[in-house]
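Commentary on secondary and tertiary structure
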Amino acid sequence: MLPKLREELSLDFVIANGENAASGSGMTPKQADELFSLGVDVITLGNHAYRRRELWPYLTQQQHILRPANYFQAQPGHGTCIVEKGGVSLGVVNLAGNAFMRTAFPAFSTIGDALGEVGAADHVLVDMHAEATSEKVAMGWYLDGKVTAVLGTHTHIPTADARVLPKGTAYITDVGMTGARGGVIGVKKEQSLSVMRTNMPIRYEPSDEDPWINAVLIKCTTLRKAESIEQILRPLSDKE
Ligand SMILES: [Fe+2]
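Remember, predicted model here, so these are calculated numbers, not experimental data.

What about the coordination of the iron ion?
- Distances from the iron ion to its protein donors, Glu 19 (OE), Asn 47 (OD1), His 129 (NE2) and His 154 (ND1), fall within 2.0 to 2.2 Å.
- Between the 4 donor atoms coordinating the iron ion, the angles at the centre fall across 86 to 159°, so the site counts as irregular.
- One chain supplies every donor for the iron ion, spaced along it as E-x27-N-x81-H-x24-H. Taken as a pair, Glu 19 in the loop between β1 (15-17) and α2 (29-37) and Asn 47 in the loop between β2 (42-44) and α3 (55-61) lie far apart in primary sequence, 28 residues in all.

Details of the sheet that holds strand β9 (residues 170-172)
- The strand order across the open sheet built from 6 strands is β4-β5-β6-β7-β9-β8, with neighbouring strands paired in mixed fashion. The sheet is open, and its two borders are formed by β4 (80-85) and β8 (163-164), each paired with just one other strand.
- Bridge count between strand β7 (residues 149-153) and β9: 3 bridges; the pairing is parallel. In the strand pairing of β9, Leu 151 is matched with Ile 172.

Quick notes on α2
- Among all positions of α2, only Pro 29, Ala 32 and Phe 36 are buried. Taken end-on, α2 shows its buried residues confined to a sector of 60°, consistent with a single buried face. Residues of α2 that are exposed and point over 90 degrees away from its buried face: Lys 30 and Ser 37.
- Within two residues after α2, Gly 39 carries a phi angle of roughly 110°, on the positive side.

Observations regarding the packing of helix α4 (residues 107-117) against helix α5 (residues 133-143)
- Between α4 and α5, the shortest axis-to-axis distance is 12 Å and the interhelical angle comes to 40°. The angle between α4 and α5 places the two elements in the oblique class. Where α4 crosses over α5, the two elements pack in a sense that is right-handed. Where α4 approaches α5, its residues Ala 107, Phe 108, Ile 111 and Leu 115 are matched on the opposing element by Glu 135, Ala 138, Met 139, Tyr 142 and Leu 143.
- Partitioned by chemical class, the residues of the contact of α4 with α5 number 8 nonpolar, no polar and 1 charged.

Some details on the pairing of strand β6 (residues 123-129)
- Within β6, 7 of the 7 residues are buried, which leaves it mostly tucked inside the rest of the structure.
- Alternating positions in β6 separate into two faces, His 123, Leu 125, Asp 127 and His 129 on one and Val 124, Val 126 and Met 128 on the other, with burial throughout.
- Of the strand pairs in this sheet, strand β5 (residues 88-96) and β6 are connected by 7 bridges, and their pairing is parallel. Looking across to β6, one finds that Leu 95 is bridged to Met 128.
- Crossover handedness for the path β5 to α4 to β6: right-handed.
- The pairing of β6 with β7 spans 5 bridges and is parallel. Bridging from a neighbouring strand, Met 128 pairs with Gly 152 of β7.
- As for the winding sense of the linkage, the β-α-β connection from β6 through α5 to β7 is right-handed.

Let's talk about the packing of aromatic side chains
- Scanning the entire structure with this criterion turns up 4 aromatic pairs.
- Ring centres of Tyr 50 and Trp 56 lie 6.2 Å apart, and the angle between their planes is 90°; on these two criteria the pair is classed as edge-to-face.
- Relative to Tyr 142, the ring of Phe 108 lies with its centre 5.6 Å away and its plane at 65°, an arrangement referred to as edge-to-face. Here Phe 108 is found in helix α4, whereas its partner Tyr 142 is found in helix α5, with 34 residues between them in sequence.
- Taking relative accessible area as the criterion, Phe 108 reaches 33% and is therefore assigned partly exposed.
- Taking the relative accessible area as the measure of exposure, Tyr 142 reaches 42% and is therefore partly exposed.

Some words on the pattern of salt bridges
- Inspection of every chain in the model, using the stated rule, returns 7 salt bridges.
- For Lys 189, the salt bridge is made with Glu 209, and the minimal N-O distance between the two is 2.8 Å. Residue Lys 189 is located in helix α6 (residues 189-198), and its partner Glu 209 is located in the loop between α6 and β11 (211-219); the two are separated by 20 residues in the primary sequence.
- On the accessibility criterion, Lys 189 (29% relative accessible area) is partly exposed.

Quick notes on the rules
Throughout, a residue's number is its position along its own chain's written sequence, starting from 1. Owing to the predicted nature of the model, reporting of local features is limited to residues with pLDDT of at least 70; listing and counting of side-chain atom pairs is limited to 80 or more, with chain, interface and lining totals taken over all residues. No hydrogens and no water enter the side-chain calculation; it runs on all heavy atoms of the structure. Excluding water, the donors of a metal are its N, O and S neighbours within 2.8 Å, or within 3.2 Å for Na, K and Ca, and that exclusion means sites may look incomplete. Here the metal geometry follows the donor angles, with tetrahedral for four donors whose angles all fall between 85 and 135 degrees, square planar for four and octahedral for six when opposite donors are more than 155 degrees apart and every other angle is between 65 and 115, and irregular for all the rest. Helix numbers and strand numbers start at the N terminus; a helix is a DSSP run of H or I with at least 4 residues, a strand a run of E with at least 2. Pairs of strands are assigned from DSSP output, requiring at least two bridges between the strands. Each residue is placed in one exposure class: buried if its accessible area under a 1.4 Å probe, protein chains only, is under 20% of its type's maximum, exposed if it is over 50%, and partly exposed if it falls in between. Taking the helix axis as origin, the arc is that swept by the directions to the C-beta atoms. Here, axes are lines fitted to C-alpha atoms. For helices the fit covers the stretch in contact, and angles between N-to-C directions go from 0 to 180 degrees. Throughout this description, any angle smaller than 35 degrees is read as roughly parallel, any larger than 145 degrees as roughly antiparallel, any in the 65 to 115 degree range as roughly perpendicular, and the remainder as oblique. In this scheme the crossing of two helices becomes right-handed for a clockwise turn of the near helix relative to the far one and left-handed for an anticlockwise turn of less than a right angle. Note on definitions: a residue-residue contact is assigned when non-hydrogen atoms from the two residues lie within 4.5 Å. Think of it as three bins: nonpolar holds Ala, Val, Leu, Ile, Met, Phe, Trp, Tyr, Cys and Pro, charged holds Asp, Glu, Lys and Arg, and polar takes everything else, Gly as well. By convention, orient the strands away from the viewer: a clockwise path from the first strand over the helix to the second makes the crossover right-handed. Only rings of Phe, Tyr and Trp enter the pairing, Trp through its six-membered ring, and a pair is recorded when the two centres are within 6.5 Å. The plane angle decides the type: under 30 degrees is stacked, over 60 is edge-to-face, the rest tilted. Salt bridge, as applied in this entry: a Lys or Arg side-chain nitrogen positioned within 4 Å of an Asp or Glu carboxyl oxygen.

Any functional reading would require information that these geometric values do not contain.
In C-alpha cells:
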C-alpha cells in the first residue's frame, strides 16, 4: 500500500518500525532492504532488534536502521540518524521503555545525548518503543516543544489519544500494527487461543487474515513543530 500512500498523501518522509517483520520476531537484512525499496526512509526497531543474528552487522553498516539509543554501546547498531530530502532534514531517535524490557539505560537519561546527535535536524521524530503507556505519555510531555513528534510503538494496538501537545509536539501512545487484524497481535488466532486455553506451548505462525495498515500522518511547516497528527487505519482491500 505504501507506494500509493506516498502519492496520495504527498509523503516526504516515511518511518516504519520493523522489529516484527520476520514472521513476527526481528527483521532480516533482506526484509529491511525490501522496506527501503518500497519507500521507507528510516526503520526503527525495539526489544526484538537482535532476534535475527544476520541483522547484527547490518545494523552497524546501514545508517538508516536504528535500534534503541538506550542500549549498551557494545550492542551492535546505533539509535539515531538524520535523513534529508528536498532541503529539509529529519532526525530520528529510537528509544526503548524500561518496564518489562531488557533495556540498558532509562530512556529519560539517554534522550538528552540522543537529541544532541540529531541537533542539526529541522525536524525530529522519536519512536518510544515501550510496553507501559505511562512511560510513553511521560516521554511525550518531557519532549513537548523540543521535537516534532513522539510516537509510541510495541503494543500493536492503536490508541485513541493522537494529538498535538500544547508546545507543538505530535503525540500518540501507540501507532498500532501493520499486519493481520484477524489474528492476535499478529499470531494466528487459533494458535494463540490454544495456548491461552491450555497453557501448552506452540510454535507461533504469523496470521495473514484481514491485513491492515496502522500509521499516523504528521503535517508540519514550522521547525520542530507539528501542525496536525492524523491516524491512517486502512484495510488492504480498500486500496488493492
Ligand atoms: Fe516490541
